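Tertiary structure, described
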Amino acid sequence: MADTAMLRKPSDVTDDVLLNLYTEMVRLRVFDRRCVRLQRAGRIGTYPPLEGQEACQVASTLALRRQDFVVPTYRDYGAMMVHGVPMEHILMYWNGRAEGCEIPDDVNVFPIAVPIATQLPHAAGLAWAAKLRGIDQVALGFFGDGASSEGDFHEALNFAGVFQIPVIFFCENNQYAISVPFRRQTATQTIAEKAAAYGVRGVRVNGQDALEVYRAVRSAVEQAAAGGGPTLIEALTYRYGAHTTSDDPSKYRDPSEADAWRERDPIVQLRQSLVSWGLWDDEAETELLERLESEVTAAVARMEALGPPNPDHLFDCVYAELSPHLERQRRALRAELKDWEGTDQ
Amino acid sequence: MAQMTMVQAVNNALDVELGRDKSVLVFGEDVGQNGGVFRATDGLQAKYGKDRVFDTPLAESGIIGLANGLAMQGFRPVAEIQFFGFVFEAMDEIAGQAARMRFRTNGRYTCPLVVRSPFGGGNKTPEMHADSLEGLFVQTPGLRVVIPSNPYDAKGLLISAIRDNDPVIFLEHMKLYRSLRAEVPEEAYTVPLDKANVVREGRDLTVIAYGAMVHTALKAAEELAKQRGVQAEVIDLRSVNPIDIETIVTSVKKTHRAVVVQEAQRSAGAAAEIIAQINEHAIYHLEGPVLRVTPPDTVYPFAQIEDEWIPDSAQVLRGFDKVLSL
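Just so you know, these numbers come straight off a predicted model, no measurement behind them.

Considering the overall build of chain B
A count of helical and extended segments in chain B gives twelve helices and 14 strands. The C-alpha atoms of chain B give a radius of gyration of 19 Å, which matches the 20 Å a tight globule of 326 residues would have. Counting only C-alpha atoms and orienting by the principal axes, one finds that chain B spans roughly 60 × 40 × 40 Å. Per-residue burial for chain B yields a buried fraction of 64% across its 326 residues.

Dropping the structure here:
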């Protein structure tokens, strides 16, 4: 697969978009590498690195409109940030803080899906709601190659096909479900061809090529918004690192595999193109990296400035209203926790 | 006032709420054109159209998963699981997703859906159609679990469930669908989701039951009064999550003895929870241990022997006698 798309400056994408694609990808990489270091230092909990998948997450999300939904998996916090979730919330989430689950009211991002493929019926449901209301809104549900084996993948695509729902199913096929390679996940050659079984359009793109991903999602959004129904997009990519910071990929992959993918790194490729088109230079790169390092440092500081967690949260959002038996249990726990201070109001 | 069966009352509740609130949607397998395998949704698609009452593909997880998506966007989905024995297919979408969404997003997203489902034994259904699985959801924070015992409650509780801001599992005992009629107002009314109902007053023994077992318990209570002149107070729980322990404790403080009658298997379900809570709140008012009358902890049986497995009024009466003897 030759990555030739970058050779000529595209006429269908503005310079602003080109620069946005690049700076957001670099932002995710700077963030991601810092998170791995924070985890190693015990300053956040277990963390699933995304390095290598920046083009998939950034280009797909930038091709959406503000009103469209991002429906992420646990590795798509990059896409969440691109669509407007504050960086410190992502840090707080991976540090085990309820505050990290908060999504600003004007940001159409759904919570991180932890079990596999459960978010795909949600994405279809959200988009279906928009269709029923006659609102121009598309949902993009992320998933991995492993998720294509789950029943929820089938059920979501089937519903989307039958009801012609304005939803995009975006597969980041990073070749491994933890340790299980793509070839042990499915007997089909691609994920994209599975779309045919549901009467859904299936597209396969080079997930290391930000422009190719951007164009595929933009086209799928246009189709969905025009009443043309769902699209399944398979983006071929690779996670350079471990599944999570608790995982050791050397147990199941030859390191030369990651080296080969790094030669087609989405950030390096786009930077070379931007430079050749006169849109980027070393000075801009230095400024960008300084700005991003400061942004991440400030976000880490905000995460670490949080006081101890408030145990009231345990009871706050279980039901719309606290029942008498939960109120009793709350009082009992308060009595147990001597350090439960300053939360009586 | 109209006389309705419970299945008619359910249909009427859906009709009233579909008419009142455009965000209410009713869907599931065979609920549209066919009106549901029990006719609980009969006529609703013709009245409200295929955008609001519709058939889905045969996919329980997909049905609840899409209902969650719709609910998070402000719809009030009433999704049907055709038989509650099939709920395992949708377990993650109910217990993992709907029940936890409010908590996981600190209130930003909620899933105010109703999962309606026929359940319960004694109808000679095929295998895996008749289980009482409510205990699984008693142990699931974030859910309500409502089980009506009669047509009046069924309508009022279902309307409350649709209007409630939490996800509600609404279980309709198949044996009650057409076995009794009662006066049910045509207009909308609500029955609170967390208040038990004292359906027979008595001073000597508290009996706690829900669903079809309310009727079995009432029959045994009448027999007890006739045989021994002992008056049992029968509480129809209506909701097993949360459990209205206040009503139970008030009764136990009066009668000093209690027994729980449950159609589900014995261990770790609603009955076990009720007894634990009575111990916590009223143990010094008790004259003897609280017992439970239930089927054994075995797999729901094949149809030919289900009547022996499910407690009948004679078995319940023996339970009463035992509690009174201790």
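A short note on the sheet that holds strand 2 (residues 139-144) of chain A
Residue and element names in this part refer to chain A. Here five strands make up an open sheet; going across it, the order is 1-2-3-7-6 and the pairing parallel. Both outer strands of the open sheet, strand 1 (69-71) and strand 6 (201-206), are each paired with one neighbouring strand and no more. On average, each strand axis in the sheet is tilted by 20 degrees relative to the strand beside it, whichever way the strands run. With six bridges connecting them, strand 3 (residues 167-173) and strand 7 (residues 231-236) associate as parallel partners. Note on strand 7: the bridge partner recorded for Cys-171 is Glu-234. Helix 5 (residues 119-133) rests against strand 1, strand 2 and strand 3 of the sheet, and its axis sits at about 170 degrees to strand 2.

What to know about the environment of Ala-298 of chain A
Positionally, Ala-298 of chain A belongs in helix 10 (residues 282-304). For the pair formed by Ala-298 of chain A and Met-87 of chain A, sequence separation is 211 residues and the distance between their alpha carbons is 9.5 Å.

Considering the pairing of strand 7 (residues 168-173) of chain B
Residue and element names in this part refer to chain B. The buried fraction of strand 7 is high, at six of six residues. Burial along strand 7 is two-sided: Val-168, Phe-170 and Glu-172 and Ile-169, Leu-171 and His-173, pointing in opposite directions, are all buried. Of the strand pairs in this sheet, strand 5 (residues 114-119) and strand 7 are connected by six bridges, and their pairing is parallel. Residue pairing across strands places Arg-116 opposite Phe-170, the latter belonging to strand 7. Two strands pair when backbone bridges link them, and strand 6 (residues 144-146) and strand 7 are joined in this way by three bridges, in the parallel orientation. Note on strand 7: the bridge partner recorded for Val-146 is Phe-170. Regarding topology, helix 7 (residues 151-163) serves as the crossover connection from strand 6 to the parallel strand 7, and that connection is right-handed.

Regarding the state of the cysteines
All names here are of chain A. As enumerated under the stated definition, the model contains zero disulfides over all chains in all. Just so you know, Cys-101 is unpaired, no disulfide at all, and the nearest cysteine sulfur is the one on Cys-317, 10 Å from it. Overall, Cys-101 belongs to the buried group, its relative accessible area being 17%. Residue Cys-317 is classed as buried on the basis of its relative accessible area of 12%.

What about the nonpolar core?
Counting residues in each nonpolar core, the largest one holds 153 residues, and the members touching the most others are Phe-31 and Val-217 of chain A together with Ile-248 and Ile-278 of chain B. Looking at this core, the element that brings in the most residues is helix 1 (residues 15-40) of chain A, giving eleven residues. Contacts of Val-217 of chain A, omitting those with residues within four sequence positions, involve Ser-60, Ala-63, Leu-64, Leu-140, Ile-168, Phe-170 and Ile-233 of chain A.

Looking at the packing of helix 4 (residues 87-94) of chain A against helix 10 of chain A
All names here are of chain A. Where helix 4 contacts helix 10, the two axes come as close as 9 Å, and the packing angle between them is 50 degrees. Our classification of the angle between helix 4 and helix 10 gives oblique. In the crossing of helix 4 with helix 10, the sense of the turn from one axis to the other is right-handed. Along its contact with helix 4, which presents Met-87, Glu-88, Leu-91 and Met-92, the element helix 10 presents Glu-295, Val-296, Ala-299, Val-300, Arg-302 and Met-303. Partitioning the contact of helix 4 with helix 10 into residue classes produces seven nonpolar, no polar and three charged.

What to know about the environment of Asn-241 of chain B
Along the chain, Asn-241 of chain B turns up in strand 12 (residues 239-241). Each C-alpha atom of the pair Asn-241 of chain B and Leu-193 of chain B lies 9.2 Å from the other, and the pair is 48 residues apart in sequence. Among the polar contacts listed, one links the side chain of Asn-241 of chain B to the side chain of Tyr-319 of chain A, at a separation of 3.5 Å. In terms of polar contacts, Asn-241 of chain B uses its side chain to reach the backbone carbonyl oxygen of Leu-143 of chain B, at 3.1 Å.

Section: the interface of chain B and chain A
Contacts between the two partners involve 44 residues from chain B, matched on the other side by 42 residues from chain A. Between chain B and chain A lies a buried interface of about 3500 Å² when both sides are counted; carbon and sulfur atoms form 63% of it. Our enumeration of links across chain B and chain A arrives at two salt bridges. Asp-105 of chain A is the salt-bridge partner of Arg-108 of chain B, the closest N and O atoms lying 3.9 Å from each other. Taken together, the connections running from chain B to chain A amount to 18 residue pairs in polar contact (both at pLDDT 80 or more).

Re the pairing of strand 6 of chain A
Residue and element names in this part refer to chain A. Alignment of strand 6 against strand 7, held across six bridges, turns out to be parallel. If you follow Gly-202 over to strand 7, its bridge partner there is Leu-232. A crossover connection joins strand 6 to the parallel strand 7 through helix 7 (residues 210-225); in handedness this β-α-β unit is right-handed.

Examining the environment of Ala-196 of chain B
Residues and elements named next belong to chain B. Locating Ala-196 in the fold gives a position in the loop between strand 8 (182-184) and strand 9 (197-200). With a relative accessible area of 11%, Ala-196 lands in the buried category. The spatial distance from the C-alpha of Ala-196 to the C-alpha of Phe-27 is 29 Å, given a sequence separation of 169 residues. Apart from the residues lying within four places of it in its own chain, the contact partners of Ala-196 are Ile-235, Asp-236, Leu-237, Arg-238, Asp-244 and Thr-247.

Points about the domain arrangement of chain A
One can read the domain layout of chain A as domain 1 (4-309) and domain 2 (310-345). Using C-alpha coordinates to define each centre, domain 1 of chain A is positioned 37 Å away from domain 2 of chain A.

As for the packing of helix 9 (residues 245-255) of chain B against helix 10 (residues 270-282) of chain B
Residues and elements named next belong to chain B. Remark: helix 9 packs on helix 10, axes separated minimally by 10 Å, with the N-to-C direction vectors making an angle of 60 degrees. Classified by the angle between their axes, helix 9 and helix 10 sit oblique to one another. In the crossing of helix 9 with helix 10, the sense of the turn from one axis to the other is right-handed. Where helix 9 abuts helix 10, its residues Ile-245, Ile-248, Val-249 and Val-252 lie against Ile-274, Gln-277, Ile-278, His-281 and Ala-282. Looking at the contact of helix 9 with helix 10, its residues break down into seven nonpolar, two polar and no charged.

Rules of the game
- Residues numbered from 1 in each chain as written.
- Chains lettered and ligands numbered in written order.
- Predicted model: local features only at pLDDT ≥ 70, side-chain atom pairs only at ≥ 80, totals over all residues.
- Heavy atoms only, no water.
- Helix = DSSP H or I, 4+ residues; strand = E, 2+ residues; numbered from the N terminus.
- Rg over C-alpha atoms; globule rule 2.2 N^0.38 Å.
- Buried < 20%, exposed > 50% of the residue type's maximum accessible area, 1.4 Å probe, protein only.
- Pairing = 2+ DSSP bridges.
- Axes fitted to C-alpha atoms, helices over the stretch in contact; angles between N-to-C directions.
- Contact = heavy atoms within 4.5 Å.
- Right-handed = clockwise from strand over helix to strand, strands pointing away.
- Disulfide = S-S within 2.5 Å.
- Core = buried A, V, L, I, M, F, W, Y, C linked by side-chain atoms within 4.5 Å.
- Parallel < 35°, antiparallel > 145°, perpendicular 65-115°, else oblique.
- Left-handed = near helix turned anticlockwise from the far one by under 90°.
- Nonpolar A, V, L, I, M, F, W, Y, C, P; charged D, E, K, R; others polar.
- Polar contact = N/O pair within 3.5 Å; in protein donor to acceptor, adjacent residues only side chain to side chain.
- Buried area = accessible area lost by both parts, 1.4 Å probe.
- Salt bridge = Lys/Arg side-chain N within 4 Å of Asp/Glu carboxyl O.
- Domains from an automatic or database assignment.

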